[in-house]
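Listed below are the residues making up each chain.
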2 protein chains.
Amino acid sequence: MAAADVTGGVRKRVLIVGAGFAGLRAAEALEHAEVNVTIVDKKNHHTFQPLLYQVAMAVLSAADIAQPIRTIIRSPNTQVLMDEVVGFDVDHRRAHLRSGTELQYDYLILATGSTHSYFGKEEWASLAPGLKTIEDAVEIRRRVLLAFEKAEGEMLETGKHPALNFVIIGGGPTGVELAGAISDIAKLYIRKDFKHIDPASARVLILEGSPAILAAYPEDLQNSALQQLKELGVTVRTGQRVTDVQPGYVMVGDQRIDSVVTLWAAGVQASPLGKMLGVECDKKGCVMVDEYLHPKAHPEIFICGDLAHAMSDGKPVPGVAQPAMQMGTYAGKSIALEVEGGRMKKPFHYFDKGDLATIGRSAAVGNVKWPFRAHMSGFMAWLTWLVVHIFFLIGFRNRFSVFRSWAFTYLFFQEGVRLITGSQELPGWGVEDTPVGELTTQPIEP
Amino acid sequence: MAAADVTGGVRKRVLIVGAGFAGLRAAEALEHAEVNVTIVDKKNHHTFQPLLYQVAMAVLSAADIAQPIRTIIRSPNTQVLMDEVVGFDVDHRRAHLRSGTELQYDYLILATGSTHSYFGKEEWASLAPGLKTIEDAVEIRRRVLLAFEKAEGEMLETGKHPALNFVIIGGGPTGVELAGAISDIAKLYIRKDFKHIDPASARVLILEGSPAILAAYPEDLQNSALQQLKELGVTVRTGQRVTDVQPGYVMVGDQRIDSVVTLWAAGVQASPLGKMLGVECDKKGCVMVDEYLHPKAHPEIFICGDLAHAMSDGKPVPGVAQPAMQMGTYAGKSIALEVEGGRMKKPFHYFDKGDLATIGRSAAVGNVKWPFRAHMSGFMAWLTWLVVHIFFLIGFRNRFSVFRSWAFTYLFFQEGVRLITGSQELPGWGVEDTPVGELTTQPIEP
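Residues numbered from 1 in each chain as written. Chains lettered and ligands numbered in written order. Predicted model: local features only at pLDDT ≥ 70, side-chain atom pairs only at ≥ 80, totals over all residues. Heavy atoms only, no water.

Per an unreviewed UniProt entry, chain A is named NADH:ubiquinone reductase (non-electrogenic), and its organism is Terriglobus aquaticus. Recorded under Catalytic activity (unreviewed entry), the UniProt text for chain A is reproduced unchanged: "a quinone + NADH + H(+) = a quinol + NAD(+)". For the record of chain A, the UniProt heading Sequence similarities (unreviewed entry) holds the text "Belongs to the NADH dehydrogenase family." (UniProt positions renumbered as here; feature names shortened; annotations may be inferred.)

Following this line, the structure appears as structure tokens:
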């Protein structure tokens, strides 16, 4: 396999791995620089992760929140490659791709993010899917909708059905969003769809290992979120560490909690590419970087997004979209400066505009830090969430489409993407010892 | 397993199997009848099959052309069950479902349509997918888009790539639609997406076993279709029977034709449920029915859609959407009449409004029979096709969404659903003996 030099000249070669928020912003910052950029991603599309749960919950279509990378990045100095980096030779500044291709680089921007961590229990993955990709979202949608269909069928045959318990492991933003959305589906959107079961009898349970949900938020907003979840009928149990996941149930210590669908919103771990560099990583696999986002002794490498273990204002930079975008821009600008003979003098600084998390229809919490400081709850927080997310979505078509879908959903209680595709099996459905009939496990109120 | 009688009274029980065009129309016709209707379908959604190829070709989203059956059918006398019929006991008027449930019926409307036939070569199925379901469409989309991505990667590594030959087996309406659409993608929509390959170098080849494409159309329209395909750069070879399908190529006799993506639009066979009735079927598995759509000696059973081998005006009724809808309505009305003590006196008659087939952007042929008789070609036929298909789409949301997508695509040459999901493998890509480089197989002009 020849080392492909596609740059054809003296221009510096920048390799960006990962086309998430960080990678795309880096490419944007390099658009007019005298460099040749290659973006490599396993997928052909950028996924707007903050709205992924709405695909999982049948509000949006996959195409509403994903966009082919090639149609986003059109600058003449940039090429896109759908491939997977499987190793690095940092001494010779080379990346090895799955296809066999080797890419030379002068600068490397590594922004491959994170993936689910099942804390070493990989066998839980198929029983409790997490939410990182379009494929994950479609699988979660399939399971949630299928549970209601199976219950309807079983009710018809036997006059009873397993309790419609949906258990979400993890009470971060994703867990809270999923919980609120499942509750909305059951209580609002599919209410009239079934003749034999009452979808509103569904129970949604969040199991959070730490003492509070939404750990990154101030306490008053945590409490507000709890209150809003309670109004939606979602049960939250904190300080409850899941010790086993089985088809049809989960275990917390020696307590068994029946579950028709179990979802994973608990741990994440860094993409394995960080470790492949052979540089220092923290225990999650995030790469330790200096204030310029370089790993030690590698000024030609930038780590961006949640793969980086970075500090700003003496605090760790959180692994969410905003800092990822800022890091990408920072890395791109740094390289653009260097190739012009300059040098980035300011260390990376995370400009935190605040955080927003939705909790179903018309409910949310917002810890706003810019352009003013405020703790928001309820409808206003939700409206803010809507506007911000439409604004940051990539592509006019997507913005239009998402806006229309939300309007339809909000005005007509109609969701149009309730398609079950793929297998008709649900793990654990009809497990011999799953008690059937009315709710057998009453989740304890928090 | 108890036989579930869910009707709870003296009302007659109607079982509709299959929620395609025929099944939905039958349910509609029974909406106000004094019967209890159960619709059983393997899927939770109705698929608008005439536009399925646009999902395969990344113009539309799955959700644009599919709608959950429960949201279409809202009448109080009808229940929907997502399950699969696996057998019948016609003597006791019972259907056995995969879940174990048994359903009693007084009337049965069987409308489960057809599926691909690989003429006994089931091993071809994974190498040359056909187009019947949403899952099929997403798989075809994946393969077509992935072929261009793989070629770009290979070009970068080795400076050459396998010839981008797309081979479509079968020259009926689906084959012609797919061919036109692939040509549009390559020549119009992704033209600017790649730096190393020229997507317009893609070749599309239709292999048709019989002497002409679009066999159901009059000769002048067949010739017009041929001409329009030629203008799009699609090669058509008629009288060419495929003798083998392998990863990376197909064989016609002893001639090998390289193919990066092979699609199946050739044979169909009836759903296996016809044969399960134990009544007379033709060699495709379609049920022989009398002029009232009953199989012999079963006046309580109606066969509708392309599962029926029915005659009208002395000619076989074709297996397309229009007659399926008309048969469904006929069967529903017949039952409604009978339960009121009457009897359907008129035999089924297919009212043929004509046929339309598109051939890519702005091109189509139409054999119009109602409200006037005309042979249409080109842009006017294509416009008619657009209007008719938007009109018959189910659901306002879908009509709106499809209209918008078409407008975007037509005006901006932009398609927004070019997502590759699922595996990144392409069968036959990189097969050792696949010649690489410029087109190695020049399809012979017809």
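Right, let's get into the pattern of salt bridges. Counted by the stated rule, this structure contains 25 salt bridges over all chains. Through salt bridges with shared partners, one network takes in A:Arg74, B:Asp193 and B:Arg418. (Salt bridge = Lys/Arg side-chain N within 4 Å of Asp/Glu carboxyl O.)

Glancing now at the sheet that holds strand 25 (residues 354-358) of chain B. All names here are of chain B. One open sheet accounts for 3 strands, arranged 25-26-27; its pairing is antiparallel. For this open sheet the edge positions go to strand 25 and strand 27 (374-377), each flanked by a neighbour on one side alone. Direction aside, the axes of adjacent strands within the sheet are offset by 5° on average. In this fold helix 7 (residues 219-231) packs onto strand 26 (364-368) and strand 27, with an angle of close to 165° to the strand it touches most, strand 26. Taken strand by strand, helix 10 (residues 378-392) contacts strand 25, strand 26 and strand 27, and its axis lies near 100° from that of strand 27. (Pairing = 2+ DSSP bridges. Helix = DSSP H or I, 4+ residues; strand = E, 2+ residues; numbered from the N terminus. Axes fitted to C-alpha atoms, helices over the stretch in contact; angles between N-to-C directions. Contact = heavy atoms within 4.5 Å.)

Another aspect to go through is the domain arrangement of chain A. Residues and elements named next belong to chain A. With domains assigned, chain A is organised as domain 1 (3-113 + 271-339) and domain 2 (122-267 + 354-412). Between the C-alpha centres of domain 1 and domain 2 there is a distance of 30 Å. The interface of domain 1 with domain 2 comprises 29 residues on the first partner and 28 residues on the second. Here domain 1 meets domain 2 over a buried area of about 2,500 Å², counting both sides, of which 67% is carbon and sulfur. Connecting domain 1 to domain 2 are 1 salt bridge. Counting across the interface, domain 1 meets domain 2 through 7 residue pairs in polar contact (both at pLDDT 80 or more). For the side of domain 1 that touches domain 2, the elements supplying multiple residues, two or more each, are helix 1 (21-29), strand 4 (45-47), helix 2 (52-56), helix 3 (62-65), strand 5 (66-68) and helix 9 (321-339). Broken down by element, the residue count for the side of domain 1 that touches domain 2 peaks at 5 residues, all from helix 2. Taken together, the residues of the side of domain 1 that touches domain 2 break down into 18 nonpolar, 7 polar and 4 charged. (Domains from an automatic or database assignment. Buried area = accessible area lost by both parts, 1.4 Å probe. Polar contact = N/O pair within 3.5 Å; in protein donor to acceptor, adjacent residues only side chain to side chain. Nonpolar A, V, L, I, M, F, W, Y, C, P; charged D, E, K, R; others polar.)

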